[in-house]
Amino acid sequence: MKNACLLVLCFFMHFPLLSCSPLTNNSDDPSQVKNLDNLYLNNEKAITLVQPEYKGTVSVEEAIANRISQRRFSEDPINTRELSQILWAAYGVGIDGVTSATRTVPSAAGRYPLEIFIITGELEEDISLSAGIYYFDSLNHQLSLVSKGDQRQAMAQAAPQYDFIRQAPVSIVLAAEIGGRSERFVYMDVGHVTQNVHLQAEALGLGSVAVGGFKADMLRALLKTKFEPLIIIPVGNI
Ligand SMILES: Cc1cc2nc3c(=O)[nH]c(=O)nc-3n(C[C@H](O)[C@H](O)[C@H](O)COP(=O)(O)O)c2cc1C
């Protein structure tokens, strides 16, 4: 009944090609969500990240005022709590509200078309998450291993003009299926997610920058995904 109402609503909102299934805390079935790399979902070996905090010490106004693109990162790794917090801010599940819109970012027609990968070196004091490329299962707040080992050097080859990509302890890559009438909404969604990453990083005292200038084919091969990489967001201590 709820889905039927949403379909009617989406029709009148002129989003006929967009999926209208809301993603809620209670009824999520990731295998039903379009465009997910099913290979990495419901993965028994997935690593569950620590729960994010809903309260920080920096106001949203301070984070907005102080945000700036950082292109220099120290060698100090970030820790798993910081990584968890940033990934949650990017695409995680929010606090259940009156509506079923419980993600940290909006998405056109509630479609949530983005796939999120991280390319990380060793994290601070962490034995459960070693260097590698991981797929972020945002609904379950879990990471699934795509490739073992520090792949930052290989990633940097996709954007050789930016040495800071290799230095940043973690880079987040947003990818999606491109094409069709809903394509422009995908780019808008990327903007929302990227801004959340910037603001959360700022609130944690970390730096970040959006990088759109890279060789997408090289990055796609490294991530082992069919989706189009759209932005790299290196994050780290500054
Ligand atoms: C979609 C997008 C793509 C970007 N691509 C790059 C990039 O390839 N390389 C880079 O150094 N900065 C990139 N940036 C960062 C912008 O250069 C930066 O946001 C802008 O100069 C404003 O500076 P500020 O973020 O420090 O306020 C990008 C920003 C956006 C929003």
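Residues numbered from 1 in each chain as written. Predicted model: local features only at pLDDT ≥ 70, side-chain atom pairs only at ≥ 80, totals over all residues.

Draft legend 1. Broad picture of the overall build of the protein chain. Within the protein chain, the regular secondary structure consists of seven helices and seven strands. Starting at the N terminus and walking to the C terminus, you meet the elements of the protein chain as α-β-α-α-β-β-β-α-α-β-α-β-α-β. Sorting the 238 residues of the protein chain into buried and exposed places 39% on the buried side. Counting contacts in the protein chain only where the partners sit at least 6 residues apart, residues at least 24 apart contribute 73% of the total. (Helix = DSSP H or I, 4+ residues; strand = E, 2+ residues; numbered from the N terminus. Buried ≥ 20, exposed ≤ 12 C-beta atoms within 10 Å, placed from the backbone. Contact = placed C-beta atoms within 7 Å.)

Draft legend 2. Representation of unusual backbone geometry. Here the phi dihedral of Tyr112 falls at roughly 50°; this positive angle occurs in a residue that is not glycine. Relative to the helices and strands, Tyr112 is located in the loop between helix H3 (80-91) and strand E2 (115-120). The phi torsion at Lys224 lies on the positive side, around 55°, for a residue other than glycine. Mapped onto the elements of the fold, Lys224 is located in the loop between helix H7 (216-223) and strand E7 (228-236).

Draft legend 3. Fine view of the site of the ligand. The ligand sits among Ile68, Ser69, Arg71, Val209, Ala210, Val211, Gly212 and Gly213. By residue class, the composition of the shell around the ligand is four nonpolar, three polar and one charged. (Near = placed C-beta within 6 Å. Nonpolar A, V, L, I, M, F, W, Y, C, P; charged D, E, K, R; others polar.)

Draft legend 4. Spatial organisation of the confidence of the model for the protein chain. Of the residues in the protein chain, 80% have a pLDDT of 70 or more, and the chain-wide mean is 85. Confidence drops under pLDDT 50 across residues 5-36; counting only partners more than four residues distant or on other chains, this segment forms 51 contacts. (pLDDT = per-residue confidence, 0-100.)

Draft legend 5. Looking closely at H7. Of the positions making up H7, those classed as buried are Leu219, Leu222 and Leu223. Around the axis of H7, the buried residues are gathered within 95° of arc, so they sit on the same side. Facing away from the buried side of H7, by more than 90 degrees, are the exposed residues Asp217 and Ala221. Buried residues belonging to H7 abut E2, strand E3 (132-137), strand E4 (142-148), helix H4 (152-156), strand E5 (170-176) and E7. Positive phi shows up at Lys224, right after H7, with a value of about 55°. (Arc of directions from axis to C-beta.)

Draft legend 6. Region of the structure containing the sheet that holds E4. Ordered by their spatial adjacency, seven strands build an open sheet running E1-E4-E3-E2-E5-E7-E6, and the pairing between neighbours is antiparallel. Since the sheet does not close on itself, it has two edges, and those belong to strand E1 (47-48) and strand E6 (207-208), each with one partner. In terms of strand pairing, E1 meets E4 through two bridges, oriented antiparallel. Pairing of Ile47 across the sheet is with Leu143, part of E4. In the packing of helix H6 (residues 183-203) onto the sheet, the strands contacted are E5, E6 and E7, and the crossing angle to E7 comes to about 5°. (Pairing = 2+ DSSP bridges. Axes fitted to C-alpha atoms, helices over the stretch in contact; angles between N-to-C directions.)

Draft legend 7. Structural context of the nonpolar core. Phe117, Ile172 and Val235 are the most contacted members of the largest nonpolar core, which has 55 residues in total. The residues contacting Phe117, other than those within four sequence positions of it, are Ile133, Tyr134, Tyr135, Phe136, Val146, Val173, Ala175 and Leu223. (Core = buried A, V, L, I, M, F, W, Y, C linked by C-beta atoms within 7 Å.)

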